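# Commentary on secondary and tertiary structure
In case you want the letters, here they are:
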Amino acid sequence: MATEQAESPASTSTSCRRKKSENATFLSDLRDHIDEFVHASMDEHKTCFQKTIQKMFRLSKAVSGNNSEPSGVESVLPLQTTVSK
């Protein structure tokens, strides 16, 4: 626990995936990624999660920005009710 708190905030804010070897095989890269995940501090997990959510919202805003013109059409599904006696 003491080693997790000793890490600098700069390392948590750089990237979710700190080290990625370009000449590693898929399995060794996957093993390294899992090791990083398991040994990451809670602050690193929190920062990565927040960055991922922000990226998703930026992407959804970019996509919705392309379709932001109102078309004036509203779809409505009919409501069917049944009364039992």
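Residues numbered from 1 in each chain as written. Predicted model: local features only at pLDDT ≥ 70, side-chain atom pairs only at ≥ 80, totals over all residues. Heavy atoms only, no water.

### As for the overall build of the chain
- Each helix and strand counted, the chain has 4 helices and 0 strands in total.
- Reading the helices (α) and strands (β) of the chain from amino to carboxyl end gives α-α-α-α.
- Taking all 85 residues of the chain together, 11% fall into the buried category.
- Taken as a whole, the chain presents about 8,200 Å² of accessible surface, with 59% of it coming from carbon and sulfur. (Helix = DSSP H or I, 4+ residues; strand = E, 2+ residues; numbered from the N terminus. Buried < 20%, exposed > 50% of the residue type's maximum accessible area, 1.4 Å probe, protein only. Areas by Shrake-Rupley, 256 points an atom, 1.4 Å probe, with all protein chains shown as cover.)

### Section: a nonpolar patch on the surface
- Among the surface-exposed residues, F26, L27, L30, I34, F37 and V38 lie close enough to one another that they form a single nonpolar patch of about 660 Å² accessible area.
- Residue position: I34 is located in helix α3 (residues 26-39). (Patch = residues over 30% accessible without salt bridge, like charges linked within 9 Å, V, L, I, M, F, W, Y side chains within 5 Å. Salt bridge = Lys/Arg side-chain N within 4 Å of Asp/Glu carboxyl O.)

### Quick notes on the confidence of the model for the chain
- Chain-level statistics for the chain give a pLDDT mean of 75 and a share of 68% at 70 or above.
- Confidence scores differ between elements of the chain, with helix α1 (residues 2-6) showing the lowest mean pLDDT of 41 and α3 the highest of 90.
- Across residues 1-14, confidence stays below pLDDT 50; counting only partners more than four residues off in sequence or on other chains, it has 11 contacts. (pLDDT = per-residue confidence, 0-100. Contact = heavy atoms within 4.5 Å.)

### Thoughts on the side chain of D29
- The residue D29 is located in helix α3 in this model.
- If near-sequence neighbours (up to four positions away) are discounted, D29 is found in contact with R17, K20, S21 and A24.

### So, α3
- Under the 1.5 Å per step criterion, the end-to-end length of α3 is 20 Å for 14 residues, consistent within 8% with the ideal 20 Å.
- Among the residues of α3, S28, D29 and E36 are the ones counted as buried. One side of α3 carries all its buried residues, which in axial view fall inside an arc of 100°. Of the exposed residues in α3, those oriented more than 90 degrees away from the buried face are F26, L27, R31, F37 and V38. (Expected span 1.5 Å × (residues − 1). Arc of directions from axis to C-beta.)

### Side note on the environment of C16
- Examined against the element boundaries, C16 turns out to sit in the loop between α2 (9-14) and α3.
- Sequence separation of C16 and F49 is 33 residues, and the distance between their C-alpha atoms is 8.5 Å.
- Not counting residues up to four positions away in its chain, the partners in contact with C16 are E36 and C48.

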